[in-house]
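Each chain, letter by letter, is given below.
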Amino acid sequence: MTDQPKTTEPAPAGGAPGRSGLSPRKRQQISRAVQYVVLAAVAVFLALRIEWGKLGENFTKLDVAEKTLPDLFTVALKNTIIYSVGGFVFAFLLGLVLALMRLSSVRPYRWIAVAYIEIFRGLPALLIFLLILFLPLAITGLEIPGGTYGQGILGLTIVGSAYMAETLRAGLQAVPKGQMEAARSLGMSYTRAMVSIVIPQAVRIVIPPTTNQFVSLLKDSSLVLFLGVSGDYVELTKFGNDTASTYANATPILVVGVTYLLVTIPLGYLASRLERRQARGR
Amino acid sequence: MTVSSANPETSEAPANHAVEIRDLHKYFGKNEVLRGIDFAVEPGQVVCVIGPSGSGKSTLLRCVNLLEQPTSGKVVVHGVELTDRDVDIDAARRGVGMVFQQFNLFPHMTVLQNVMISQRRVLKRGKAEAERIARENLEKVGIGEKCDAFPAQLSGGQQQRVAIARALAMSPALMLFDEPTSALDPELVGDVLTVMRKLAEEGMTMLVVTHEMAFARDVADRVVFMDGGVIVEDGSPEQVIGAPQHERTKTFLRRVLDPTHTDI
């Protein structure tokens, strides 16, 4: 529902009365009144229809919420952070390699990078996790190092690197050409100029969008659930699901949801702040 | 391999020109920007290249340190043929400083780091030595007190002087200037030209693409007028600016020296 009635009803030029005979101002007032009425109706309907007692019983039972501690933080949140930070670091590095390949003058490198990016950007993250799960079946003797952590981080690396590659490519291309020329004219090799001059500036440019990508990886880390993890390896979502089953109560789901938000909302703010600062600085 | 001193054993370059260009052609796609350039710069000379925009003068300058790859022809700098495929271009560029219209300082580094980075990474100078040389050169261009500032905190004129110091810190034997004052506010042009004039007086070999006619007249040993990808006139400032022989040169100079003139 729009809260900007101006856009839904373009005012006739010059403030003259429209076809309906009402002034634009009057129509705006009516439109706003209608919106408030709809809102009130929905609220009343929900208030009457929902069994609040049962809902509270199921989602906000304090004794069940208490049972999630301290594992909620010491195991589940810790693991979520391990999976997502690990995935982020490797996705960043692989993304940088792919971005450089994509911009390379060697044509096969460009093809490989484009193929990788197109494939893994186009696949659902869940499918990639299932792939990792079934991979050792297909290739005998294949063992992903790092056990469950390794599998989870690998999955997130694959998911994240394709996006990261595109972001970093945009960042590399946003560094003015004169920077490379200045570095080369000072006698630096192409590689040295990339490492010392272009990449540091590109990374600065992509900090805000990569912060958002970290948030999205953090959420995707919930897919580790499908790797069949247990015990010390569970992350937030799996932990919430398990605890909810144990007590036949949905409170842990809500608790876990709030825990995600404790991390993702501040990060979102951080990203938009960095973005604004950069917009000013340039 | 040292580039700064001409190597007498190099059979390719019998004469010890600082820069020697032979039959240089450069195409951008189908567009021929340089149509056979022949000229030389002697050590210690200051040569100003003037001409209308699109005449190929910047491209010529950029061919001298191979920021543009010539389509054909020969570029020899201090006895090293840059157009030879086997030449170590990174080594050759060390002896040639370049100053750009847009300064191109590294924005993520302080002024001091800007002047130190390639000394450290390319010449492998020690930290103390690199810093000493950086400070000397910054002092020389009159920005000694701005060492810890970032480029964005400096005026255009100050940034350009840092860029000159950065090039000088590599101890080049030749300096290329690509319209160094064209991006500056008019009141800041003087500071940069003063530094360049000082450099010329010290005997630096300089190749300067510029629209500053007063600078060309007062400082240059030679003025080269280019138009349409060829050198139209090449001589002393008195000849080229004072008494141009060709109609194209006359037209250009009329326009530059008196912008209100419209009989083109």
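Residue numbers run consecutively from 1 along every chain, following the written order of its sequence. The lettering of chains begins at A and the numbering of ligands begins at 1, in the order of writing. Local features are withheld for residues below a pLDDT of 70 in this predicted model, meaning they are given only at 70 or higher, and side-chain atom pairs are given and counted only at 80 or more; totals for whole chains, interfaces and linings count all residues. Hydrogen atoms and water are omitted, and side-chain values are computed over all heavy atoms in the structure.

Caption draft 1: Spotlight on the interface of chain A and chain B. We call two residues in contact whenever any of their non-hydrogen atoms come within 4.5 Å of each other. With 17 residues of chain A at the interface, the matching set in chain B holds 23 residues. With both chains or domains summed, chain A and chain B bury close to 1700 Å², and 60% of this area falls on carbon and sulfur atoms. Of all residues in chain A, the largest losses of buried area upon contact with chain B belong to E181, S185 and L186 of chain A, amounting jointly to 35% of the total for that side. Every case where a carboxyl oxygen of Asp or Glu lies within 4 Å of a side-chain nitrogen of Lys or Arg is listed as a salt bridge. There are two salt bridges connecting chain A and chain B. Ionic pairing is found between D90 of chain B and R184 of chain A, a salt bridge with its closest N-O pair at 3.0 Å. Put simply, DSSP H or I for four residues or longer makes a helix, DSSP E for two residues or longer makes a strand, and each gets a number counted from the N terminus. Elements with a minimum of two residues in the side of chain A that touches chain B: α9 (177–185) and α10 (190–220) of chain A. As used here, buried area is the combined drop in accessible area, with a 1.4 Å probe, of two parts when they are placed together.

Caption draft 2: The arrangement of the side chain of E166 of chain A in detail. Residues and elements named next belong to chain A. Position of E166 among the secondary structure elements: in helix α8 (residues 147–174). A polar contact of 3.2 Å, which involves the side chain of E166, links it to the side chain of R169. Contacts of E166, omitting those with residues within four sequence positions, involve R102, I117 and R121. Throughout this description, a polar contact denotes any pair of N or O atoms lying within 3.5 Å of each other; where both atoms belong to protein, one of them has to be capable of donating a hydrogen while the other can accept it, and for residues adjacent in sequence the pair is counted only when both atoms sit in side chains.

Caption draft 3: Fine view of the pairing of strand β1 (residues 19–28) of chain B. Residue and element names in this part refer to chain B. Looking at chain direction, β1 and strand β2 (residues 31–41) are connected through eight bridges and run antiparallel. Its bridge partner lying in β2, L24 is registered against I37. When DSSP finds two or more bridges between two strands, those strands count as paired. Taking the residues between adjacent antiparallel strands as the criterion, β1 and β2 are bridged by two residues, where G29 takes a positive phi near 65°. In this sheet, strand β4 (residues 72–77) lies alongside β1 in antiparallel orientation, the contact comprising five bridges. Across the sheet, residue E20 finds its bridge partner in β4, namely V76.

Caption draft 4: Broad picture of a positive patch on the surface. Residue and element names in this part refer to chain B. On the surface, R120, R121, K124 and K127 cluster together to form a positively charged patch. As for its position among the elements, K124 is in the loop between α3 (111–121) and α4 (127–140). Under the scheme applied here, a residue whose accessible area is under 20% of the maximum for its type counts as buried, over 50% as exposed, and between as partly exposed, the area being computed with a 1.4 Å probe on protein chains only. Owing to a relative accessible area of 63%, K124 belongs among the exposed residues under this scheme. A patch is a set of surface residues, each over 30% in relative accessible area and not in a salt bridge, joined within 9 Å for like charges and within 5 Å for the nonpolar side chains Val, Leu, Ile, Met, Phe, Trp and Tyr. Here the Shrake-Rupley method, with its probe set to 1.4 Å, supplies the accessible areas, and only the displayed protein chains count as covering residues. Residues scored as positive are Lys and Arg, those scored as negative are Asp and Glu, and His as well as the terminal groups of each chain are ignored. Charged groups are reduced to one reference atom each: NZ for lysine, CZ for arginine, CG for aspartic acid, CD for glutamic acid.

Caption draft 5: Seen up close, the sheet that holds β2 of chain B. Residues and elements named next belong to chain B. The strand order β2-β1-β4-β5 describes an open sheet built from four strands, whose pairing is antiparallel. Every other strand in the sheet has two partners, leaving β2 and β5 (80–81) as the edge strands with one partner each. The angle between two axes is taken between their N-to-C directions and runs from 0 to 180 degrees, where each axis is a line fitted to C-alpha atoms and a helix contributes only its stretch in contact. Sitting on the sheet, helix α1 (residues 57–64) touches β1, β2 and β4, and the angle it makes with β1 is about 120°.

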